[in-house]
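# Fold and contact review
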Amino acid sequence: DCLHAGDACSSDDTCSPRLRTLRQCVAGDGSVKLGPGARNQCENAMTALLATPLHGCQCKRGMKKEKNCLSIYWSLHQSVLHGLSLVESYPYQPEERGSDYVRLASIAAESEAAAVNRCLDAAKACNIDQTCQKLRTEYVSACIQPSARSGPCNRPKCSKALRKFFDRVPADYTQELLFCPCSDTACAERRRQTIVPSCSYEDKEKPNCLAQLRVCKADYVCRSRWAQFQYDCQPWEESASGCKQGSHAACLLSYTGLTGSTITPNYLDNSTSNVGPWCSCVASGNQREQCAHFLAFFHDNVCLRNAIQAFGNGSDLKTGAGPPGPSTPAGDRQGPQLSPS
């Protein structure tokens, strides 16, 4: 991973100064620090580091020191100097979503009702799993506990607890809670309340989407989750799945990775399965089209829509996490193009 690659580079007399130079290049005042020959220095450092293990390094979602790992990744994969930015897919190692639903199935089998309520069964399953029950209790408590400083909702604390839950609890449990199918508004509201929207999602007024995205991209973890979501949920009308990468499971996994960030998505209402972040494009000015494109990645994304529907009707339960991420150099990848800012 990038932590090991960074340690190896730091202990190498040739690699270490080049990495320091590159980090100055991506800093806001890098060209000032490096002087008149900044561009050549940055290009030389970038070229040299592309031939080291740093180029192919990745991080594991939810890992210890995740932010440190991602800072190393983005040092190489972003540059504010024209002509040096790379096209990337995402910094995370591909994850496999488990397909062992034995415990969930056994709980469902206990229900004598003709129509199984998968949302209720998912809650029961979480309650009998020690890790799921513990971390779910933690985030609910963090999201409903009033604070003298933050008022009725301590959003940063709530968001941190939510990220911990979705990163550490197996997807078998988290996805059943979040994507279980509903046929009535009471069920849909319970599903929408999974992430405690009154604290983690909603606010008095909807902020501008691009402002929220800028805050996200300034944070290594959020920027990386957004990059992975764009890659794994990239729509492709010509694909039977609707996904360019061909995996509903990978799309849902990357979607849950956004939970607890400034662009946390959730269900928009109690009558549909439409999802999106809590933001608006009203005050976007001449960036209205760019803002609409951001929202469309949630509202009009055939890959994401099909993934949620497939999970709900059971056709995706045994789907793996899809093929491994591309092994080609980052500059040759065909993922979404991310702006460095």
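It should be noted that the structure appears before, not after, this text.
First, a word on scope: everything that follows refers to the structure included in this document. Because the structure is predicted, anything quoted here is derived from the model rather than measured. All chains use their own residue numbering, which begins from 1 and follows the written sequence. In view of the model being predicted, local features appear only for residues whose pLDDT reaches at least 70, and side-chain atom pairs are presented and counted only at 80 or more, with totals across whole chains, interfaces and linings using the full set of residues. As a rule here, side-chain values come from all non-hydrogen atoms in the structure, and water together with hydrogens is ignored.

## A word on the packing of helix 10 (residues 171-179) against helix 17 (residues 302-313)
- Interaxial angle, 0 to 180 degrees, is taken between N-to-C directions of lines fitted to C-alpha atoms, where a helix line uses only the stretch in contact. Runs of E in the DSSP output that reach at least two residues are strands. Runs of H or I that reach at least four are helices, and both are numbered from the N terminus. In contact at an axis separation of 10 Å, helix 10 and helix 17 are set at 100 degrees when each is read in the N-to-C sense. Classified by the interaxial angle, the pair formed by helix 10 and helix 17 is roughly perpendicular. On helix 17, the residues touching Gln-175, Glu-176 and Phe-179 of helix 10 are Ile-308, Phe-311 and Gly-312.
- In the scheme used here, Gly and all other residues not listed as nonpolar or charged are polar, with Ala, Val, Leu, Ile, Met, Phe, Trp, Tyr, Cys and Pro taken as nonpolar and Asp, Glu, Lys and Arg as charged. Class assignment for the residues of the contact of helix 10 with helix 17 results in three nonpolar, two polar and one charged. Any angle between 65 and 115 degrees counts as roughly perpendicular, while under 35 counts as roughly parallel, over 145 as roughly antiparallel, and the rest as oblique. Contacts are assigned to residue pairs that have any heavy atoms within 4.5 Å of one another.

## A look at the layout of surface pockets
- Detection works on a 1 Å grid of protein atoms alone, calling trapped sets that fit a 1.4 Å probe cavities and calling open sets with protein on both sides within 12 Å along at least five of seven lines pockets, with lining residues defined by an atom within 4 Å of a point. Grid points are joined across faces, edges and corners, and a volume is the space filled by probe spheres set on the points. The computed volume of the largest pocket comes to approximately 870 Å³.
- Lining the largest pocket are 36 residues, and of these Ser-159, Lys-160, Arg-163, Gly-260 and Ser-261 sit closest to its centre.
- Within the residue set of the lining of the largest pocket, elements represented by two or more residues are helix 5 (66-77), helix 9 (155-168), helix 13 (209-217) and helix 14 (220-232).
- Considering each element in turn, the lining of the largest pocket owes the most residues, ten residues, to helix 9.

## Let's talk about the side chain of Arg-118
- On the secondary structure map, Arg-118 appears in helix 7 (residues 118-128).
- A relative accessible area of 18% means that Arg-118 is categorised as buried.
- Counting of polar contacts relies on pairs of N or O atoms within 3.5 Å, with two restrictions inside protein: one atom must be capable of donating a hydrogen and the other of accepting it, and residues adjacent in sequence are counted only when both atoms are side-chain atoms. A distance of 3.1 Å separates the side chain of Arg-118 from the backbone oxygen of Phe-311, its partner in a polar contact. Partly exposed residues are those whose accessible area sits between 20% and 50% of the maximum for their type, while under 20% is buried and over 50% is exposed, using a 1.4 Å probe and protein chains only.

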